[in-house]
Amino acid sequence: MAAAVPSIEKAASGITSTPVLDFLRKPKQLLIGGKWVPAKSGKTFETVNPANEEVLALVAEGDKADVEEAVKVARKAFEESKWASIGPHQRARYLFKIADLIEAHADELATLETLNNGMAISLARGMVAGAAEVFRYYGGWSTKIYGETNPSDPSLFNYTLREPVGVCGQIIPWNGPIAMFAWKIAPALACGNVSVLKPAEQTPLTALRLGELILEAGVPDGVVNIITGFGETAGAAIASHPDIDKVAFTGSTEVGKLILQASAGNLKRVSLELGGKSPNVIFADADLESAVSTAMFGFCMLSGQVCCAGTRIFVQQDFQDTFIDALTRYTSKVKAGDPLDPKTTVGPLVSKEQFNRVKSYLELGKQEGAKPALGGEVASGKGYFVDPAIFTGVKNNMRIAQEEIFGPVAAVIPFKDENDAVLQGNDTTYGLAAAVWTTDVSRAHKVARALKAGTVWVNCYNNIDPISPFGGYKQSGIGRELGRYAVDLYTQIKSVYVKL
Amino acid sequence: MAAAVPSVEPATEAAAARRFLQGPPKQLLIGGKWVPAKSGKTFETINPANEEVLALVAEGDRADIDEAVAAARRAFEAGRWPSLGPHQRARYLLRIADLIEQHADELAQLITLDNGKPISEATVEVGRTVDTFRYYAGWATKFYGETNPSAPDFFNYTLREPVGVCGQIIPWNGPLSTISWKVAPALAFGNTLVLKPAEQTPLPAVRMGELICEAGLPDGVVNIVTGFGPTAGAALAGHPDVDKVAFTGSTEVGKLILQASAGNLKRVSLELGGKSPNVIFADAPLETAVALSATGVFRNQGQVCCAATRMFVQESLYDEFAERIAAKAEAIRLGEPLDQTTTMGPLVSSEQYERVLGYLKLARDEGAQAKAGGERGPQERGYFVKPTIYTAVRNDMRIAREEIFGPVAVLIPFKDENDAVLQGNDTTYGLGAGVWTRDLSRAHRVARALRAGSVWVNCYGLIDPISAFGGYKQSGFGRELGPQSIDLYTQIKSVYVKL
């Protein structure tokens with residue numbers, strides 16, 4: 001059990017919002033069967049504000065025993081059809097209500113997100129609005145999950161039903177806690193499933209607040225259960241639980257593989273949204289100004305702790321000097337700073353562990369012979385702040401160009417022509433996202449096709465809209481979230497034959 | 001101009017609707033503003049339960065339609081609506097749904113006052129309207145085009161784009177729900193529109209116009225022109241700048257609309273009349289079959305396009321079924337529709353009343369026997385007709401072939417499955433049909449064999465926005481509701497890009 005008593009005054013210094021302070025002062029427990037309960041072990045863990053390293057709150061440390069309990073009540077809620085049988089129009093209303101509640105508590109949620117994750121408050125606000133949109137979008141789907149009647153023989157009537165999968169285990173990451181909550185919970189609920197959700201141990205707070213809002217929306221008890229805790233204990237228990245029908249995970253490729261192995265026990269349906277090392281390909285005919293500002297945004301947003309971050313910037317050779325010069329100058333104005341300041345673009349990294357990891361990659365880059373055209377050092381002091389770094393003289397086979405750093409670090413790599421850009425861009429084990437910058441309409445679409453990635457942006461970066469699927473080629477994942485594709489993840493098909 | 005001053009006294013029981021009835025004049029909504037008809041004319045709208053004038057309503061005609069179409073065109077071309085993002089359009093539709101829900105009592109009372117249906121049915125109609133707006137709000141973000149499997153040197157994709165300016169002409173029998181069937185999908189897919197409510201029941205539409213304005217839709221996206229079919233309706237159907245016309249009403253008028261649409265090749269959807277067969281086999285769950293067949297034909301005083309007006313009953317069950325459904329008809333409480341205990345109100349208008357009474361006379365002339373009803377109600381005022389069940393009817397009699405649009409059912413015997421299907425399909429209509437049987441195979445076989453746009457098995461008249469609704473044969477063109485509305489309110493563009 002953590003001994004420290006959190007000092008909200010220190011950890012959330014400067015915060016005056018009553019709802020935020022009230023929430024921080026409350027015990028942070030597990031949501032099981034519509035009730036807030038402590039971990040069976042009685043244990044708690046500390047969650048920290050990465051901007052000042054102070055403890056924000058103690059949070060119940062759920063483990064295997066708590067997951068057991070949560071799965072049991074989720075199963076009961078599912079089998080008693082508390083959710084699946086209430087009718088699609090009614091389910092839609094619940095999701096719309098959740099969206100309305102998220103919007104009504106937008107400031108509070110954004111502030112909590114920034115306090116716990118360190119992301120710039122402007123970004124947190126955008127993520128909260130995006131989460132409301134995801135709930136609305138899937139609210140709409142609940143009345144549109146159509147099966148088919150099949151062109152069967154006249155002596156038979158054959159039709160398909162799309163039915164919920166059942167009890168879903170959903171493990172979400174720390175980099176977009178509210179957004180990831182919405183990506184997982186909204187389609188699961190829309191399709192009639194029940195859920196046991198585990199937020200990341202680094203950022204449990206907003207998931208707990210969203211749990212309260214879901215209860216406020218009147219979702220029946222046991223439909224959404226939330227277990228805070230660690231990956232190795234609570235997360236592993238979810239991934240391998242014999243009574244969970246589907247597991248959805250967003251996080252690192254390493255852990256994704258463990259989840260997949262653990263799922264084999266009862267052949268769970270699995271969807272994984274994992275790491276990336278996404279190529280951002282800039283041709284000489286690109287619009288320089290927007291290519292530069294968007295490239296910065298592509299690798300610096302959320303301090304680069306984004307699975308689809310544009311960390312490998314491929315620049316056409318004869319354009320290289322101009323581009324690097326412009327990107328360096330533009331990015332040099334971006335300094336890691338107080339994430340609660342609305343003008344801040346880059347806040348601290350999420351944790352000490354992440355800070356040390358990024359620091360070691362900055363060293364590695366230099367050892368590999370890359371040159372930091374910008375940044376490359378970390379300042380000392382409180383908080384896990386790292387300024388954006390740009391490496392030039394990088395070859396695509398260097399470790400800093402192949403491994404996911406998850407920090408504000410870009411590797412700039414030159415290329416000769418379209419073919420070379422595509423070959424180098426695809427030379428990675430990942431395939432989450434990619435971008436192409438060109439004013440040539442043919443090249444834009446040709447390269448968009450040739451890049452092996454789940455999302456390709458043409459003359460833009462990091463656009464994510466619930467209408468569109470998101471997920472990875474290669475080792476960036478299995479399955480697609482968002483769009484209509486999430487309906488495939490959260491339903492299974494039954495074919496019914498009736499002899500006439 | 002109508003001279004009478006409306007008497008709102010009868011509305012005293014309808015407290016929620018009173019503010020609206022006593023409020024400002026009922027005008028036309030054009031370009032976001034409420035305006036009188038250019039001619040200055042108004043017409044009376046009547047409470048059919050007591051024949052009193054409820055309100056004077058602006059009588060829009062061709063000139064007003066021209067104005068409204070121009071406003072809708074400007075809103076469309078300026079991209080005020082189609083170019084809003086889909087999430088934003090969805091929010092507007094959800095907001096409209098919320099506003100309807102907040103004003104549910106008022107809207108239900110307005111429906112009942114203007115149309116005459118019992119308040120309990122009007123309340124259900126309001127709830128359905130809310131569901132339909134919510135349902136299409138969801139579609140605003142889900143009408144996907146496709147990327148086609150084109151050759152490597154081509155990029156070919158399809159876009160689903162709005163049709164443009166829609167003219168929507170709605171009937172008096174579901175004055176609120178038919179707004180949602182037309183307006184919700186049109187808006188969801190980025191169209192602008194001119195709506196003409198039926199002259200018998202303009203009030204719910206005018207109130208909806210206010211709520212739509214309150215929801216903050218850009219000016220000119222929804223325009224409402226009250227007025228008469230031969231003037232305002234005809235102007236809309238024939239207007240060269242209207243891209244699509246959607247009409248719900250009689251088959252006769254539907255054909256006129258179709259002819260008028262030819263001028264500029266408007267897209268047309270028509271939801272028209274019916275003479276729907278309700279087939280009851282001897283193995284039917286009898287009690288439910290009787291109860292739901294009765295509501296299937298008597299709901300809304302039988303003024304329902306898919307009403308179960310032809311009841312085919314298997315020979316061995318015929319007499320018992322006739323007795324039982326006649327008893328149900330006799331038990332119906334015909335009276336003041338604002339009363340919660342009333343189960344049948346008046347017909348909508350004197351015209352409709354005369355028409356139905358004419359058919360009652362025809363039935364006698366044709367030799368049918370009234371097992372129940374067959375005459376006007378005992379009320380001194382109002383257009384009340386008793387729920388009526390006829391036996392001794394053959395499927396070739398006029399009362400079995402023509403749409404009466406009143407609380408009148410004919411009972412026709414049949415021998416076996418084949419006979420039921422042949423007789424059931426022997427009609428120029430094809431809107432709805434019912435099958436009552438406990439036999440699983442027969443249920444699905446007959447459901448397939450009946451030529452109708454909706455078939456109900458061991459139930460009748462269910463309408464859910466998730467499911468397509470429309471007619472085979474002369475019951476209409478196209479399907480409203482369900483995902484099928486996407487086809488009505490979008491057009492497809494195929495884009496080829498040489499790479």
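About the thresholds
Residues numbered from 1 in each chain as written. Chains lettered and ligands numbered in written order. Predicted model: local features only at pLDDT ≥ 70, side-chain atom pairs only at ≥ 80, totals over all residues. Helix = DSSP H or I, 4+ residues; strand = E, 2+ residues; numbered from the N terminus. Buried ≥ 20, exposed ≤ 12 C-beta atoms within 10 Å, placed from the backbone. Contact = placed C-beta atoms within 7 Å. Expected span 1.5 Å × (residues − 1). Axes fitted to C-alpha atoms, helices over the stretch in contact; angles between N-to-C directions. Parallel < 35°, antiparallel > 145°, perpendicular 65-115°, else oblique. Left-handed = near helix turned anticlockwise from the far one by under 90°. Pairing = 2+ DSSP bridges. Nonpolar A, V, L, I, M, F, W, Y, C, P; charged D, E, K, R; others polar. Domains from an automatic or database assignment. pLDDT = per-residue confidence, 0-100. Core = buried A, V, L, I, M, F, W, Y, C linked by C-beta atoms within 7 Å. Arc of directions from axis to C-beta.

## Things to note about the overall build of chain A
- A tally of regular secondary structure across chain A gives 17 helices and 19 strands.
- Expressed as a percentage of the 500 residues in chain A, the buried residues total 56%.
- Looking at chain A alone, contacts between residues at least 24 apart form 72% of all its contacts between residues at least 6 apart.

## Side note on helix H8 (residues 205-216) of chain A
Residue and element names in this part refer to chain A.
- The terminal C-alpha atoms of H8 lie 17 Å apart, and with twelve residues this matches the ideal 16 Å at 1.5 Å per residue to within 8%.
- Leu-205, Thr-206, Ala-207, Leu-208, Arg-209, Leu-210, Gly-211 and Ile-214 are the residues of H8 that are buried.
- Once H8 finishes, Gly-218 follows within two positions and takes phi at roughly 90 degrees, a positive value.

## Thoughts on the packing of helix H4 (residues 104-115) of chain B against helix H5 (residues 119-139) of chain B
Residue and element names in this part refer to chain B.
- At their nearest, the axes of H4 and H5 sit 8 Å apart, and the two run at 125 degrees to each other. One element, H4, and the other, H5, form an angle in the oblique class. For the pair H4 and H5, the crossing hand works out as right-handed. Only Ile-119, Ala-122, Thr-123, Glu-125 and Val-126 of H5 make contact with H4, whose side of the interface consists of Ala-104, Leu-107, Ala-108, Gln-109, Ile-111 and Thr-112.

## Description of the sheet that holds strand S12 (residues 312-316) of chain A
Residues and elements named next belong to chain A.
- On the basis of which strands lie adjacent, the open sheet formed by seven strands has the order S13-S14-S15-S12-S11-S16-S17 and mixed pairing. With partners counted over all chains shown, the strands left at the sheet margins are strand S13 (371-374) and strand S17 (455-458), one partner each. Mean inter-strand twist for the sheet, computed between neighbouring axes without regard to direction, equals 25 degrees.
- Direction of pairing for strand S11 (residues 279-282) relative to S12: parallel, over a ladder of four bridges. Along S12, the bridge assignment pairs Val-281 with Phe-314.
- Relative to the sheet, helix H13 (residues 352-367) contacts S13, strand S14 (389-392) and strand S15 (409-415), its axis offset from that of S15 by approximately 30 degrees.

## Details of the interface of chain A and chain B
- At the junction of the two partners, chain A supplies 22 residues and chain B supplies 21 residues.
- Put simply, the parts of the chain that give the side of chain A that touches chain B at least two residues each are helix H4 (88-104), helix H6 (121-141), helix H16 (441-450) and strand S19 (491-499) of chain A.
- Sorting elements by how many residues they give to the side of chain A that touches chain B places H6(A) first, with six residues.
- Split by residue class, the side of chain A that touches chain B holds ten nonpolar, six polar and six charged.

## Re the sheet that holds strand S13 (residues 369-372) of chain B
All names here are of chain B.
- Read across the sheet, seven strands follow the order S13-S14-S15-S12-S11-S16-S17 without closing on themselves; strand pairing throughout is mixed. Taken across any chain shown, the strands that pair with only one partner, and hence form the sheet edges, are S13 and strand S17 (454-457). For this sheet the average axis-to-axis angle between neighbouring strands, irrespective of direction, equals 25 degrees.
- Pairing geometry for S13 and strand S14 (residues 388-391), over three bridges, is antiparallel. Bridging from a neighbouring strand, Ala-370 pairs with Tyr-390 of S14.
- Sheet strands touched by helix H11 (residues 315-331): strand S11 (277-280), strand S12 (310-314), S13, S14 and strand S15 (408-414). Its angle to S12, the strand with the most contacts, is close to 135 degrees.

## Describing the environment of B:Gly434
Residue and element names in this part refer to chain B.
- Along the polypeptide, Gly-434 turns up in strand S16 (residues 432-436).
- Taking the number of C-beta atoms within 10 Å as the measure of exposure, Gly-434 has 31 and is therefore buried.
- Once you skip the residues sitting within four places of it in the chain, Gly-434 turns out to touch Asn-278, Val-279, Gly-296, Ala-308, Trp-456 and Tyr-460.

## Side note on the domain arrangement of chain B
Residues and elements named next belong to chain B.
- In terms of domains, chain B is made up of domain 1 (9-272 + 476-495) and domain 2 (277-465).
- The centre of domain 1, based on its C-alpha atoms, is set 30 Å off from the matching centre of domain 2.
- Elements supplying a minimum of two residues to the side of domain 1 that touches domain 2: H4 and H5.
- At six residues, H5 tops the list of elements feeding residues into the side of domain 1 that touches domain 2.
- Its residues assigned to classes, the side of domain 1 that touches domain 2 comprises nine nonpolar, nine polar and seven charged.

## Structural notes on the packing of H4(B) against helix H7 (residues 203-214) of chain B
All names here are of chain B.
- For the pair H4 and H7, the least separation of the axes is 8 Å and the interaxial angle reads 155 degrees. Taken together, H4 and H7 sit at an angle that is classed as roughly antiparallel. Residues Leu-107, Leu-110, Ile-111 and Asp-114 of H4 form the contact with H7, whose participating residues are Leu-203, Pro-204 and Arg-207.
- Each residue belonging to the contact of H4 with H7 can be placed in one class, and the counts come to five nonpolar, no polar and two charged.

## Some thoughts on the domain arrangement of chain A
All names here are of chain A.
- Domain boundaries assigned for chain A yield domain 1 (8-274 + 477-495) and domain 2 (279-465).
- Centre-to-centre, using C-alpha coordinates, domain 1 lies 30 Å away from domain 2.
- Of all the elements in the fold, those that place two or more residues in the side of domain 1 that touches domain 2 are helix H5 (106-117) and H6.
- For the side of domain 1 that touches domain 2, a count of residues per class yields eight nonpolar, nine polar and three charged.

## Some remarks on the confidence of the model for chain B
- Mean pLDDT for chain B: 96, with 98% of residues reaching 70 or above.
- The ipTM value of the predicted complex is 0.85, and its pTM value is 0.92.

## Structural notes on the nonpolar core
- If you look at the biggest cluster of nonpolar residues, it comprises 317 residues, and the most contacted ones within it are A:Leu95, A:Ala131, A:Phe135, A:Ile282 and B:Leu93.
- When residues of this core are assigned to their parent elements, the largest contribution, twelve residues, is made by H6(A).

## As for H13(A)
Residue and element names in this part refer to chain A.
- The end-to-end C-alpha separation of H13 is 23 Å, in line with the 22 Å expected for 16 residues at 1.5 Å each.
- Gln-354, Phe-355, Val-358, Tyr-361, Leu-362 and Gly-365 are the residues of H13 that are buried. Mapping the buried residues of H13 onto a view down its axis gives an arc of 125 degrees, with all of them on the same face. Across H13 from its buried face, at more than 90 degrees, point the exposed residues Lys-352, Glu-353, Ser-360, Glu-363 and Gln-367.
- Along its buried surface, H13 packs onto S13, S14, helix H14 (399-402) and S15.
- Among the residues trailing H13, Gly-369 stands out with phi positive, at a value near 95 degrees.

## What about unusual backbone geometry?
- You will see that A:Glu53, though not glycine, has its phi angle at about 65 degrees, which is positive.
- Take A:Glu53: it is sitting in the loop between strand S3 (44-49) and strand S4 (54-60).

## Side note on the environment of B:Val268
Residues and elements named next belong to chain B.
- Within the element layout of this structure, Val-268 appears in strand S10 (residues 267-271).
- Taking the C-beta count within 10 Å as the criterion, Val-268 has 20 such neighbours and is therefore assigned buried.
- As a C-alpha pair, Val-268 and Gly-471 span 203 residues in sequence and 14 Å in three-dimensional space.
- Excluding its chain neighbours within four sequence positions, the residues that come into contact with Val-268 are Val-245, Ile-257, Leu-258, Ser-261 and Phe-477.

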